[in-house]
Amino acid sequence: MQTILIATDKPFAKVAVNGIREIVQNAGFELKLLEKYTSKEQLLDAVKDVDAIIVRSDILDEQVLHAAGKLKIAVRAGAGYDNIDLKAATEKGIVVMNTPGQNANAVAELAFGLMIFLNRNFYNGSSGVELRGKTLGIHAYGNIGRIVGLIAKGMGMDVYAFDPYRDKIVIENDGIKYVPDARELYSKCQYVSVNLPANKETKESINFDLLNLMPEGATLVNTARKEIVHEASLLKMFAERKDFRYITDVAPDCEAQIKTDYANRYYGTVKKQGAQTEEANINAGLAAARQIVNFLTKGDKTFQVN
Ligand code: 3PG
């Protein structure tokens, strides 16, 4: 019997695991579960005899992929697959997929949770500011960026978007103002939500030159990846721009320093929790299970990324 492993350091909600189990068992496969593991050895051991694996941000590097001698398919239940060594997977003939869009709403909602939390001074009872009437820039108009835009419009924000891979008409059809380049987006917007994937092109691309273009009240919202922000620039912005604020679901390596020096202008979640809702877990987890079953039974490679 073929075996499918869920390997999640950050577990799915129970209801999502039950749903995955049902899909897997109905298709005649066995489900194995490795949650909250504390060492790489546990992961190396768990992948040994499995045919398929479902992960979240769990690292599938060359060593793990090599340890998984029978592995045919790895599905990242989520959007970003920068945690999987695609080259090593391809060399081993392993199909890698993601589940685009399935957790996008959860991430987009968190962006607003973070903005309001900061604007209301961490709910400390003092007088804060509102989002209505402020300019919001969406940096990358994918599944998350689009929902961020729709929510922002509902909140009465003035919304702009930049995405080199999206046609102007797609953005304008959603009633969002299209901006042709990143510099213009940052120049126009008091709030910028970054929704970029982490790759060679985007790594450290949010730098001082770009951030410093932002008008008074500059607030960067990062629910994407810490790697896309250039950390020396972040520290320079905090030091040189007394109005600059940063809220993130992916804490930078220099977080301790920011917390010490600029505590009232920064908030970072304790653990990445953008996609940590029951709904997102169900959507992404069940999609991953279905994609695996369709691949193993019919060879369906929809959503393959390598
Ligand atoms: C994603 O890329 O889908 C999000 O960053 C969510 O990641 P997570 O599954 O580790 O919460």
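About the thresholds
Residues numbered from 1 in each chain as written. Predicted model: local features only at pLDDT ≥ 70, side-chain atom pairs only at ≥ 80, totals over all residues. Heavy atoms only, no water. Helix = DSSP H or I, 4+ residues; strand = E, 2+ residues; numbered from the N terminus. Contact = heavy atoms within 4.5 Å. Areas by Shrake-Rupley, 256 points an atom, 1.4 Å probe, with all protein chains shown as cover. Lys, Arg positive; Asp, Glu negative; His and termini not counted. Charge placed at Lys NZ, Arg CZ, Asp CG, Glu CD. Domains from an automatic or database assignment. Buried area = accessible area lost by both parts, 1.4 Å probe. Near = heavy atom within 4 Å. Polar contact = N/O pair within 3.5 Å; in protein donor to acceptor, adjacent residues only side chain to side chain. Nonpolar A, V, L, I, M, F, W, Y, C, P; charged D, E, K, R; others polar. Buried < 20%, exposed > 50% of the residue type's maximum accessible area, 1.4 Å probe, protein only. Pairing = 2+ DSSP bridges. Right-handed = clockwise from strand over helix to strand, strands pointing away.

**A word on the overall build of the protein**
Counting its secondary structure elements, the protein contains 12 helices and 12 strands. With respect to the principal axes defined by its C-alpha atoms, the protein has extents near 60 × 45 × 35 Å. In the protein, once contacts between residues fewer than 6 apart in sequence are set aside, the share between residues at least 24 apart is 63%. Of the roughly 13900 Å² that the protein leaves accessible, carbon and sulfur atoms contribute 49%. A gap of 2 Å separates the mean positions of the 38 positive and 38 negative side-chain charges of the protein.

**A few points about the domain arrangement of the protein**
Entries for the protein in the domain assignment read domain 1 (3-102 + 277-298) and domain 2 (104-268). Put simply, the middle of domain 1 and the middle of domain 2, counted by C-alpha atoms, are 31 Å apart. In this complex, domain 1 contributes eight residues to the contact, which on the side of domain 2 involves five residues. The junction of domain 1 with domain 2 conceals about 470 Å² of combined surface from both sides, 48% of it contributed by carbon and sulfur atoms.

**Notes on the site of the ligand**
If you check the shell around the ligand, you find Lys-10, Arg-56, Ser-57, Arg-76, Gly-78, Ala-79, Gly-80, Asn-103, Arg-225, Lys-272 and Ala-275 and nothing else. The contact in question runs from an oxygen atom of the ligand to an N or O atom on the side chain of Ser-57, over 2.5 Å. Taking Arg-225, its side chain carries an N or O atom lying 2.8 Å from an oxygen atom of the ligand. Protein contacts shield 95% of the accessible area of the ligand, which totals 320 Å² for the unbound molecule. Looking at the shell around the ligand residue by residue, the class counts come to two nonpolar, four polar and five charged.

**Things to note about the pairing of strand E3 (residues 52-55)**
The side-chain alternation of E3 yields two buried faces, one formed by Ala-52 and Ile-54 and the other by Ile-53 and Val-55. When strand E1 (residues 3-8) meets E3, the two strands line up parallel, connected through four bridges. Paired with Leu-5 across the strands is Ile-53, a residue of E3. The pairing of E3 with strand E4 (residues 73-76) spans four bridges and is parallel. The partner of Val-55 across the bridge, within E4, is Arg-76. For the crossover that starts at E3, traverses helix H3 (residues 62-67) and ends in the parallel E4, the hand is right-handed.

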